[in-house]
Amino acid sequence: MLKLFSIVSLAAIFQCASAAATSSTALSGLNTKFTAKGKLFWASFSANEAILESEFGAVTPENSMKWDATESTQGTFTFSGSDYLVDWAISNSKIIRGHTLVWHSQLPSWVSAITDAATLTSVIQTHIANVAGQYSGKLYVCRPLPLRPCILTIYSEVLNDNGTLRSSVFYDVLGESFITIAFKAARAADSTAKLYINDYNLDSNNTKVQAMVALVKRINADEQLIDGIGTQMHLSAGGSSGAAAALAALAEAGIDVAITELDIAGASASDYTTVVDACLSTSACVSITSWGVSDANSWRASSTPLLFDSDYEPKAAYTAVISDLS
Ligand SMILES: *[C@@H]1O[C@H](CO)[C@@H](O)[C@H](O)[C@H]1NC(C)=O
Ligand SMILES: *[C@@H]1O[C@H](CO)[C@@H](O)[C@H](O)[C@H]1NC(C)=O
């Protein structure tokens, strides 16, 4: 069901795009203004192709590259949803932020049922070789452009809030080594994509942030396998106050940092500009991804957390971010 949902939703996303038309005079070029400040891109995914084209420099699949969408049956790979997104991105000169190769959630039960370390290692390696391999050739087209790396999120949500490693089939069977196994497999499949580890509640300089920095330093001690840390930043109203400290602390891992799933309950202008300023003032912070464009498509729709309202009209937060970047 989830696999079907993600394919259908992606097709729907782009087919209904022209139906929801925002007047282009209301748009000011968010990504253009953000990249003028030295950043790589502001990304999103959307039901509105016109807004994506005008306002965002990269796209990310909400669901279509996840394990349940790409390998719901062992050894049978399905790329229709993610291919659509990748092809659209290439034809529209957008960077692609791949997401996510290994995650304890939206994981088929045949994977969760594995109890043997050698089997699970080979299953992780096969999955990543196929999914990252599917795009290593196609993603190549955006590499010759300066500052246009393609990005893959390898592991999502590896830590508990108290900083210990989360119980999952991956950790329970393989211990911390599953992270190294996954990143090595991704590097083998795509030698130049930026490989990210991604987590939530990294919104202030808290225990989890410190644990993430320590984890990355351990994994990268011998060779740099992890190129970046993603902090999702699904914030509550007023939750922006720790963002600058979080980004500065994450930057201490010595690799890139990105805000990867930004949405803020209530979408107050000051919360949004506080987060943008935190990224601008942290040189390691390379990009922002909004977790959707319009409140109509948000997973947190009732908290109206995005920059565009449910009619695809720019909100006060959008205007404030544009003037902050101007
Ligand atoms: C950390 O949090 C996890 C998940 O809530 C819990 O299972 C574990 O016991 C906690 N560990 C410590 C040392 O508090
Ligand atoms: C984050 O907190 C840790 C532990 O208290 C501290 O050592 C570090 O300097 C802090 N980093 C920043 C950027 O505030």
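Residues numbered from 1 in each chain as written. Chains lettered and ligands numbered in written order. Predicted model: local features only at pLDDT ≥ 70, side-chain atom pairs only at ≥ 80, totals over all residues. Heavy atoms only, no water.

An unreviewed UniProt entry lists the protein under the name Beta-xylanase, with Guyanagaster necrorhizus as the source organism. Turning to the protein, the UniProt annotation filed under Sequence similarities (unreviewed entry) states: "Belongs to the glycosyl hydrolase 10 (cellulase F) family." Reading the Catalytic activity (unreviewed entry) entry of the UniProt record for the protein gives the comment "Endohydrolysis of (1->4)-beta-D-xylosidic linkages in xylans." (UniProt positions renumbered as here; feature names shortened; annotations may be inferred.)

> Give a detailed account of the overall build of the protein, specifying residues and quantitative values.
Counting secondary structure elements, the protein contains 13 helices and 10 strands. Within the span of the protein, comprising 326 residues, buried residues form 57% of the whole. Within the protein, contacts between residues at least 6 apart in sequence are counted, and of these 78% link residues at least 24 apart. On the protein, roughly 12,000 Å² of surface is accessible, and the fraction owed to carbon and sulfur atoms is 52%. (Helix = DSSP H or I, 4+ residues; strand = E, 2+ residues; numbered from the N terminus. Buried < 20%, exposed > 50% of the residue type's maximum accessible area, 1.4 Å probe, protein only. Contact = heavy atoms within 4.5 Å. Areas by Shrake-Rupley, 256 points an atom, 1.4 Å probe, with all protein chains shown as cover.)

> An account of the environment of T121 is requested, with residue identities and associated values reported.
Along the chain, the position of T121 falls in helix 7 (residues 117-136). Between the alpha carbons of T121 and A185 there is a distance of 10.0 Å; along the sequence they are 64 residues apart. Not counting residues up to four positions away in its chain, the partners in contact with T121 are L174 and I181.

> Mind laying out the site of ligand 2, listing which residues take part and the relevant values?
Around ligand 2, the neighbouring residues are N205, Q210, A248, A249 and E252. Within the side chain of N205, an N or O atom sits 2.4 Å from an oxygen atom of ligand 2. Taking 370 Å² as the accessible area of ligand 2 by itself, protein coverage stands at 44%. (Near = heavy atom within 4 Å. Polar contact = N/O pair within 3.5 Å; in protein donor to acceptor, adjacent residues only side chain to side chain.)

> Break down the site of ligand 1 for me, citing the residues and quoting the values.
Taken together, the residues surrounding ligand 1 are N160, N162 and T164. One nitrogen or oxygen atom from the side chain of N162 is found 2.3 Å from an oxygen atom belonging to ligand 1. Relative to its unbound accessible area of 360 Å², ligand 1 is 26% covered by the protein chains.

> Talk me through helix 13 (residues 316-325); I want residue IDs and the actual numbers.
Listed as buried for helix 13 are A317, Y318, A320, V321, I322 and L325. Those residues of helix 13 that are buried lie in contact with helix 2 (30-35), strand 1 (41-44), helix 3 (49-55) and helix 12 (269-280).

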